[in-house]
Every structure is written in C-alpha cells, then in structure tokens.
Amino acid sequence: MFKSNSHNTICFVIMPDHIRWLFQLNRSSELSNLVRKFKNITTYRFNKHNGTNGKIWQTNYYDHKIRGDEDLIAQARYIVANPLRAKLVDNISKYPY
C-alpha cells in the first residue's frame, strides 16, 4: 500500500469501486490520521499519473475493530474473497489487485 510506521498491513484488495484493507495500528497511531494520509497520498499520485486534479475518495469510511484471532481470520478471508463474491474472477489467484 504505502510505507508508514503507523501500521502493519495484514491484507488488502482493491476493487473497482472501493478498497478493503486490514491492518494493525501501532500504539501511538490514530485511525483517522492514517486514513487521511492514505487518501491524500493516493489522490496526489493518481492525479499526477493521470494529469487530473480532484477528489477520488468519498469523505467517510467504515471501520471494524478486530475482537480476537477468529475475527481476524474471518475478516482476512472476507477481504481476500471479495473479488470472487463480486464475480470478477473465478479463482482468487487470477485477481491482480
């Protein structure tokens, strides 16, 4: 995703209209700061790459606090399988994002 000392990425998937991202915040980090930084960096890079200027993200986001190992595994599986459920691929190994 992007390099930062504020979190550890566990898994993610980029879908055509959203991103699902599972990460662990480091103790001193705040979720809102990480999301704001991510949106700022990716918007800048997208606009620079495409010669555009403007917003690419909606202002809100949805979060889910992991409550244990079983929840962690379930959420990771949900994220990784998202392209299958959306019928973008018939095998997750074929999804490049």
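Residues numbered from 1 in each chain as written. Predicted model: local features only at pLDDT ≥ 70, side-chain atom pairs only at ≥ 80, totals over all residues. Heavy atoms only, no water.

1. Looking at the overall build of the protein chain
Right, so step 1: Scanning the protein chain from N- to C-terminus turns up three helices and two strands.
Right, so step 2: In sequence order, the secondary structure elements of the protein chain are arranged as β-β-α-α-α.
Right, so step 3: If one aligns the C-alpha atoms of the protein chain with their principal axes, the spans along those axes are about 40 × 40 × 20 Å.
Right, so step 4: Per-residue burial over the protein chain gives 25% buried out of 97 residues.
Right, so step 5: Nonlocal contacts in the protein chain, meaning residues at least 24 apart in sequence, comprise 39% of its contacts between residues at least 6 apart.
Right, so step 6: When the accessible surface of the protein chain is summed, it comes to about 7,700 Å², and 51% of that surface belongs to carbon and sulfur atoms.
Right, so step 7: Treating the 15 positive side-chain charges of the protein chain as one cloud and the 7 negative ones as another, the clouds have centres 9 Å apart. (Helix = DSSP H or I, 4+ residues; strand = E, 2+ residues; numbered from the N terminus. Buried < 20%, exposed > 50% of the residue type's maximum accessible area, 1.4 Å probe, protein only. Contact = heavy atoms within 4.5 Å. Areas by Shrake-Rupley, 256 points an atom, 1.4 Å probe, with all protein chains shown as cover. Lys, Arg positive; Asp, Glu negative; His and termini not counted. Charge placed at Lys NZ, Arg CZ, Asp CG, Glu CD.)

2. Section: helix H2 (residues 69-80)
Right, so step 1: With twelve residues, H2 should cover 16 Å at 1.5 Å per step; its first-to-last C-alpha distance of 17 Å lies within 8% of that length.
Right, so step 2: Those residues of H2 not exposed but buried are Asp 71, Ala 76 and Ile 79. Projected onto a plane normal to the axis of H2, the buried residues spread over an arc of 130° and lie on a single side. Turned more than 90 degrees away from the buried face of H2, the exposed residues are Asp 69, Glu 70 and Arg 77. (Expected span 1.5 Å × (residues − 1). Arc of directions from axis to C-beta.)

3. With respect to unusual backbone geometry
Right, so step 1: Phi at Lys 87 takes a positive value of approximately 60°, unusual for a residue other than glycine.
Right, so step 2: For Lys 87, the position within the fold is in the segment after helix H3 (82-85).

4. Things to note about the pairing of strand S2 (residues 19-25)
Right, so step 1: As paired strands, strand S1 (residues 7-14) and S2 are joined by seven bridges and run antiparallel to one another. What sits directly across from Thr 9, in S2, is Phe 23. (Pairing = 2+ DSSP bridges.)

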